[in-house]
Amino acid sequence: MIPSRCFLGAALLAAALPARALTTAANVQDLDPAVVPWVDGEKLTYRVTLGPMEAVEGTFTAVDHGKTWEFKLQFRSIGPVETMYPMRDWFWSICTKKPWRSVECGEERFEAGKHFYERTDVDYAKEEATRHRWFEGKTQVFKTPAQAADDTGSMLYSLRYGPWKVGQRRTFLIYESRHLRSAEAICQRIEKVPLLEEKNAPEADCYVIEARPLDPNLRKKGYVMTLWLTADDRRIPVKCVMKFRYGTVECRLLHVGR
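Residues numbered from 1 in each chain as written. Predicted model: local features only at pLDDT ≥ 70, side-chain atom pairs only at ≥ 80, totals over all residues. Heavy atoms only, no water.

1. Thoughts on the pairing of strand S6 (residues 114-123)
Moving on, step 1. Relative to S6, strand S5 (residues 101-111) runs antiparallel, the two sharing eight bridges. Bridge pairing in S6 links Gly 106 to Arg 119.
Moving on, step 2. Hairpin connection, S5 to S6: the antiparallel pair is bridged by two residues, and Ala 112 has positive phi, about 50°.
Moving on, step 3. With antiparallel pairing between neighbouring strands as the criterion, S6 and strand S7 (residues 128-133) make up a hairpin whose turn holds four residues, including Glu 127 at a positive phi of roughly 60°. (Pairing = 2+ DSSP bridges. Helix = DSSP H or I, 4+ residues; strand = E, 2+ residues; numbered from the N terminus.)

Encoded structure:
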C-alpha cells in the first residue's frame, strides 16, 4: 500500500543499463572515505505524506564500523495509515568505504499482521548477488556485473557523498529485488527552503536534485524524484517529492541528531 522505501527511490523504477554502466557508487568511489558529510551516529527523522494524508514517520541512522558504514532506516505508520495498514519496518544497508559500494542490504517488516524478512549479499568478484527470502523459504541468485552499485538504502548516502554543482549529472545503478535498475540524477538549481517541518523554521540554500529513470517507457509515465540537499558540507536531505503510480509522496525533515 505505502511504498516502504519511499524516501529512497523513485529511481528504483528504472530499467537496467548495460552491465558496465557508470554508477553513483562509481562516481564517488575514488573520493576520500574519511571526508563524508555525515557523522557516526547521525540520525535524521522525517514525516512522509501521501497526497494530503500523513503516512509514515521514519529515522535514518549512520553507524561507522571502521571499514564499512551501516545505514539503518526504521519507520512506523502514523495517522489514518496506522489504522488501515499498520507498519513497523526496519531496513539496513552496508557499504564498504574503499571502494564505495554496497555489499549487503536487508529488511524486516511487520505490516498488517504479516512478517517479511530478507537479506541480499553482493559478491563483486563473482559478479552475483544472493537474496535470502526467509519468510518464503527461498534463495535467489542473480547477476550483478558491475564494479560498484548501490542498494535502496545506500543510494541516498551516495547522493550526499561528494559535492554537487548546478548542471552536474550522475548516473546510478541499484540492485533491488532480483534486478539492476538505473536512473540519472541532475542538479537543477539552488534554492532556499525551510530546514525543518515546523512553523518559522530557518531557511537554507539547498541543491535541488532531480532523479528520473533512464528507461523511455518509464520516463513517459512521469516517474520523478526531486530531492533538496543543504548546500553545505553536510548535504542533509531536508525534503523529497516523488511522483509515481501511487500518486505524490512528500518527505519533510523533522529532526537532526548529531
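From this point, the discussion proceeds with the structure in view.
2. Concerning the environment of Glu 210
Moving on, step 1. One can find Glu 210 in strand S11 (residues 203-213).
Moving on, step 2. C-alpha separation for the pair Glu 210 and Arg 169, spaced 41 residues apart in sequence, amounts to 9.6 Å.
Moving on, step 3. Apart from the residues within four sequence positions on either side, Glu 210 is in contact with Glu 184, Ala 185, Ile 186, Gln 188, Met 225 and Thr 226. (Contact = heavy atoms within 4.5 Å.)

3. Describing the environment of Glu 57
Moving on, step 1. For Glu 57, the position within the fold is in strand S2 (residues 53-64).
Moving on, step 2. Expressed as a C-alpha distance, the spacing of Glu 57 and Arg 47, which sit ten residues apart in the sequence, is 4.5 Å.
Moving on, step 3. Setting aside its immediate chain neighbours within four residues, Glu 57 contacts Thr 45, Tyr 46, Arg 47, Gln 74, Phe 75, Arg 76, Ile 78 and Leu 254.

4. Description of the side chain of Arg 235
Moving on, step 1. Mapped onto the elements of the fold, Arg 235 is located in the loop between strand S12 (224-230) and strand S13 (237-244).
Moving on, step 2. For the buried Arg 235, which has no salt bridge, the nearest side chain bearing the opposite charge is Asp 233, at an N-O separation of 5.2 Å.
Moving on, step 3. Looking at Arg 235, its side chain comes within polar contact range of the main-chain oxygen of Arg 160, at 2.5 Å.
Moving on, step 4. A polar atom in the side chain of Arg 235 sits 3.2 Å from the backbone oxygen of Gly 162.
Moving on, step 5. If we skip the residues at most four places from it in the chain, Arg 235 touches Pro 37, Arg 160, Tyr 161, Gly 162, Pro 163, Trp 164, Leu 229 and Thr 230. (Buried < 20%, exposed > 50% of the residue type's maximum accessible area, 1.4 Å probe, protein only. Lys, Arg positive; Asp, Glu negative; His and termini not counted. Salt bridge = Lys/Arg side-chain N within 4 Å of Asp/Glu carboxyl O. Polar contact = N/O pair within 3.5 Å; in protein donor to acceptor, adjacent residues only side chain to side chain.)

5. Things to note about the packing of aromatic side chains
Moving on, step 1. A complete count under the given rule lists 14 aromatic pairs for this structure.
Moving on, step 2. Their ring planes at 75° and their centres at 6.0 Å tell us that Trp 38 and Tyr 161 sit as a pair that is edge-to-face. Taken together, the positions of Trp 38 in the loop between helix H1 (24-28) and strand S1 (43-50) and Tyr 161 in the loop between helix H3 (154-160) and strand S9 (169-176) put the pair 123 residues apart, joining distant regions of the chain.
Moving on, step 3. Residue classification places Trp 38 among the buried residues on the basis of a relative accessible area of 3%.
Moving on, step 4. Here the guanidinium or amino end of Arg 170 rests over the ring plane of Trp 164, the centre of that ring lying 4.2 Å away. (Phe/Tyr/Trp six-rings, centres within 6.5 Å; stacked < 30°, edge-to-face > 60°. Lys NZ or Arg CZ within 6 Å of the ring centre and 35° of its normal.)

6. Comments concerning the pattern of salt bridges
Moving on, step 1. Enumeration according to the criterion identifies 18 salt bridges in this entry.
Moving on, step 2. In this structure, Glu 54 engages Arg 47 in a salt bridge whose closest nitrogen and oxygen atoms are separated by 3.6 Å.
Moving on, step 3. A relative accessible area of 22% places Arg 47 in the partly exposed class.
Moving on, step 4. For Arg 131, the salt bridge is made with Glu 118, and the minimal N-O distance between the two is 2.8 Å. One end of the pair, Arg 131, is in strand S7; the other, Glu 118, is in strand S6, and 13 residues separate them in sequence. Residues Arg 131 and Glu 118 agree in their burial class; the two are buried.
Moving on, step 5. It is possible to trace a salt-bridge network through shared partners that takes in Glu 118, Arg 131, Arg 133, Glu 136 and Lys 138.

7. Section: the confidence of the model for the chain
Moving on, step 1. In the predicted model, the chain carries a mean pLDDT of 84, and the fraction of residues at 70 or more is 86%.
Moving on, step 2. At the level of individual helices and strands, the chain shows its lowest average pLDDT in H1, which scores 64, and its highest in S6, which scores 95.
Moving on, step 3. Note on residues 1-22: pLDDT is under 50 here. Beyond four places in sequence and across chains, it has 86 contacts. (pLDDT = per-residue confidence, 0-100.)

8. Examining the nonpolar core
Moving on, step 1. Formed by 50 residues in total, the largest nonpolar core has its most connected members in Trp 38, Phe 71, Trp 100, Tyr 157, Trp 164 and Ile 209.
Moving on, step 2. Judged by nonpolar contacts, the second largest core, of ten residues, contains Val 122, Ala 146, Tyr 175 and Leu 180. (Core = buried A, V, L, I, M, F, W, Y, C linked by side-chain atoms within 4.5 Å.)

9. Brief notes about the pairing of strand S10 (residues 179-194)
Moving on, step 1. Examined bridge by bridge, S9 and S10 share eight bridges and lie antiparallel to one another. From the neighbouring strand, Tyr 175 faces S10, where its bridge partner is Leu 180.
Moving on, step 2. Here S9 folds back onto S10, and the loop between the two strands holds two residues, one of which, Ser 177, carries a positive phi near 60°.
Moving on, step 3. Two strands pair when backbone bridges link them, and S10 and S11 are joined in this way by eleven bridges, in the antiparallel orientation. Its bridge partner being in S11, Ile 186 is matched across the sheet by Glu 210.

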